[in-house]
Every structure is written in C-alpha cells, then in structure tokens.
Amino acid sequence: MKKIKPHHNFFMEKAILEARKSSSGEFKIGAIVVYRNKIIGRGTPKDHITLNPVKHAEVVAIQKACKFLKTNLLHGCSIYVTAEPCLMCSSIIFQAKIPIIVFGAKRSLLPLRKRDVSIHDLVHDSGYNPEIVSGILEEKTLKVFNSKFKCCTKK
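Definitions and cut-offs
Residues numbered from 1 in each chain as written. Predicted model: local features only at pLDDT ≥ 70, side-chain atom pairs only at ≥ 80, totals over all residues. Heavy atoms only, no water. Phe/Tyr/Trp six-rings, centres within 6.5 Å; stacked < 30°, edge-to-face > 60°. Helix = DSSP H or I, 4+ residues; strand = E, 2+ residues; numbered from the N terminus. Buried < 20%, exposed > 50% of the residue type's maximum accessible area, 1.4 Å probe, protein only. Pairing = 2+ DSSP bridges. Axes fitted to C-alpha atoms, helices over the stretch in contact; angles between N-to-C directions.

**Some words on the packing of aromatic side chains**
Enumeration over the complete set of coordinates arrives at four aromatic pairs. Taking the centre distance of 5.6 Å and the plane angle of 15° together, the rings of F27 and F145 count as stacked. Here F27, found in the loop between α1 (6-20) and β1 (31-35), pairs with F145, found in helix α6 (residues 138-146); they are 118 residues apart in sequence, far enough to count as distant. Exposure remark for F27: the relative accessible area of 31% places this residue in the partly exposed category. Relative to Y128, the ring of F94 lies with its centre 5.6 Å away and its plane at 50°, an arrangement referred to as tilted. Placement of the pair is F94 in helix α4 (residues 87-95) and Y128 in the loop between α5 (119-126) and β5 (131-133), with a sequence separation of 34 residues. Taken individually, F94 and Y128 each receive the classification buried, so the pair is uniform in this respect. Joined through ring pairs, the aromatic side chains of F10, F11 and Y80 make up one cluster.

Next up, the structure:
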C-alpha cells in the first residue's frame with residue numbers, strides 16, 4: 001500500500017473547505033489546483049447557478065489555475081477533489097495535463113448516478129498516465145457530500 005504524503009491531507013482539507021461553500025442546490029464538492037505548494041485555483045459546482053452544465057468544481061478550479069498561470073497546460077500542478085471526478089472532469093484534467101489527481105471519496109460511495117466507467121478506466125483508454133491517489137480523508141469528504149442528502153454513507 002502506498003504511503004499517504006502529509007501534504008495530501010493538508011490540501012484535501014482545503015478542498016473540503018471549498019465543498020462546504022457550495023451553494024444551495026449544488027453538490028457539496030470542492031476542488032483546488034496546487035502549483036509549487038500554492039493554491040492557484042479553487043472551485044465549487046456552479047452549474048445550477050450559472051445554468052452552464054460544464055461548471056463543475058474541477059472545471060472552475062482548472063479555469064482559475066489556467067488564468068493564474070496564463071496557460072492551458074497545468075504541468076507541475078496537482079488537483080485535489082473531494083469526490084472522484086466525473087467523466088467530463090476527468091477528460092478536462094487530462095486535457096490540461098495535470099500530472100497528479102488526488103480525490104477523497106470514490107464515485108461508487110456517493111448517492112449519484114452509477115457509472116460503469118471510473119477515472120482509472122479513462123486513464124487506461126486515454127493513454128495519459130497521471131498519478132492518481134484516492135481515499136484521502138474519505139470519511140470526512142463523504143460526510144460533507146452527504147450533508148446535502150438525508151442519507152448515510154455506504155460501507
């Protein structure tokens with residue numbers, strides 16, 4: 001089993017803080033993009049309030065990071081997301097060439113539409129090979145996400 005790096009917990013805590021800022025009606029998901037140990041992009045879902053279906057937390061954070069670095073390629077960055085990125089967000093992460101993807105809860109543990117395809121399947125299919133670290137502060141991210149729902153976390 002891979003040893004969890006201390007900074008993964010630190011930055012996942014920051015992503016959890018973002019998730020807690022999610023607007024009413026939005027899923028409690030938070031994302032941050034980190035470059036040289038500095039947060040350069042933060043995001044919560046904005047799809048419901050902007051009426052733009054691509055404004056997921058990851059996309060918002062990536063757009064801010066790209067603007068900060070003045071590039072569409074985020075080599076040397078890491079993205080931290082409280083939940084496993086969806087298919088669209090995974091593709092955008094790959095397109096931006098973010099080499100490290102860290103997330104808390106796997107999609108299969110969330111009360112969302114179930115998918116047969118995971119981020120790991122997309123990595124295999126895309127030919128892009130980022131480092132993926134999952135399960136960081138999983139229980140804590142599940143509690144934040146499920147605070148939107150009247151349900152308990154699945155075991």
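That was the structure; now back to the text.
**What about the sheet that holds strand β3 (residues 77-83)?**
Read across the open sheet, the five strands follow the order β2-β1-β3-β4-β5; overall the sheet is mixed. In this open sheet, the two strands that pair with only one neighbour each are β2 (38-43) and β5. Across the sheet, the axes of successive neighbouring strands diverge by a mean angle of 20°, strand direction being ignored. Alignment of β1 against β2, held across five bridges, turns out to be antiparallel. Counted as the bridge partner of Y35 is K38 from β2.

**As for unusual backbone geometry**
You will see that R36, though not glycine, has its phi angle at about 50°, which is positive. Residue placement: R36 occurs in the loop between β1 and β2. Residue classification places R36 among the exposed residues on the basis of a relative accessible area of 69%. Non-glycine residue L137 carries a positive phi angle of around 50°. We classify L137 as partly exposed; its relative accessible area is 25%.

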